[in-house]
Amino acid sequence: MRGAAPDQELAAAAARLAEEVAEVLRWERSLGGVGVTAAELRAEGERGRPADVPPVDRRPVDEPTVEARDGAPRPAEVASAAGEPTSLEVPLAARIARLETLAAEAAKCTACPLHEGRTRSVFQRGDPAAELAFVGEGPGFHEDRLGLPFVGPSGELLDRMIAAMGYARDAVYVCNVVKCRPPNNRTPTVPERDACGPFLEAQLDVVRPRVIVALGRCAAEHLGCAEPEQRGWRGRWGQWRGTPVMPTYHPSYLLRTPQAKRAVWTDLQAVLARLGREPPGTPAAVARQ
Ligand code: URA
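Fair warning: this is a prediction, and the values are worked out from it, not measured in the lab.

### A short note on the pattern of salt bridges
A complete count under the given rule lists 14 salt bridges for this structure. When the shortest N-O distance is used, the salt bridge between Glu131 and Arg210 registers 3.3 Å. With Glu131 in the loop between strand E1 (125–126) and strand E2 (132–136) and Arg210 in the loop between helix H7 (190–207) and strand E4 (211–215), the pair connects residues that are 79 residues apart, well separated along the chain. Residue classification places Arg210 among the partly exposed residues on the basis of a relative accessible area of 44%.

### As for the pairing of strand E6 (residues 243–248)
Most of E6 is tucked away, with six of its six residues classed as buried. Both faces of E6 are covered, namely the face carrying Thr243, Val245 and Pro247 and the face carrying Pro244, Met246 and Thr248. Pairing geometry for E4 and E6, over four bridges, is parallel. What sits directly across from Ala214, in E6, is Pro247. As paired strands, strand E5 (residues 238–240) and E6 are joined by three bridges and run antiparallel to one another. Counted as the bridge partner of Trp240 is Thr243 from E6. What sits between the antiparallel neighbours E5 and E6 is a turn of two residues, in which Arg241 has the positive phi angle 45°.

Each value, and the rule that gives it
Residues numbered from 1 in each chain as written. Predicted model: local features only at pLDDT ≥ 70, side-chain atom pairs only at ≥ 80, totals over all residues. Heavy atoms only, no water. Salt bridge = Lys/Arg side-chain N within 4 Å of Asp/Glu carboxyl O. Helix = DSSP H or I, 4+ residues; strand = E, 2+ residues; numbered from the N terminus. Buried < 20%, exposed > 50% of the residue type's maximum accessible area, 1.4 Å probe, protein only. Pairing = 2+ DSSP bridges.

Right under this line is the structure:
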């Protein structure tokens, strides 16, 4: 593009921007739309919302799939090695394409017995370049029907937690350790978590959040922030492949134990501080408005 007339450069930049906007709008539609609440999504599901449009597999032929990634370079490393942008600079459209490819792979995955009971695999929702990601345990009844994470009652509580932190519902990234619903919502077994692990790794690799919140013991264990049977795991910073992880209670536990909400709010405030943010309503946040 160097040497091109300024108006040609401008036109090319505008075309790229339009393409990116169209891609983002398509992504948002495929996840139910921006700002659509869990209750609205469930109501749509009752009316027979059509299955999400299956994503197009646009993976370049030599890009490693999840199945082929044992010991294989990760997407970010592949990109850097090729002299292409590292993951932090990856354009939104490329992130969306990669995440949709992974979601399509998860929808076909038969690596563990959980696939036998799924209506739909449940991969993600939110911003593919979010600074903050929430990782839950696995889909429940409503999630399995709608194909989106956290759209049942615990999702409504999660949405309120996200709002209390000062984020729009879709400004964060939300996913689970396992992508298929365990029977009767039981906790996924370690082999099931491990079978699904490469998907979680790959999707967090694409999003590269600055902070991850592990919702509940299962996610905390899977992300290396709690040992089985360990007490007192909540609220202690851990790390997952260099990214800080805050393990806290799961929203479904909070629905049963509302008195634990105070502890979770302490954890979420620590997350905001780590991100250099303040909860809305604090004097500094109000002063900035
Ligand atoms: N619980 C989870 O851990 N994940 C969901 O998506 C819903 C409920």
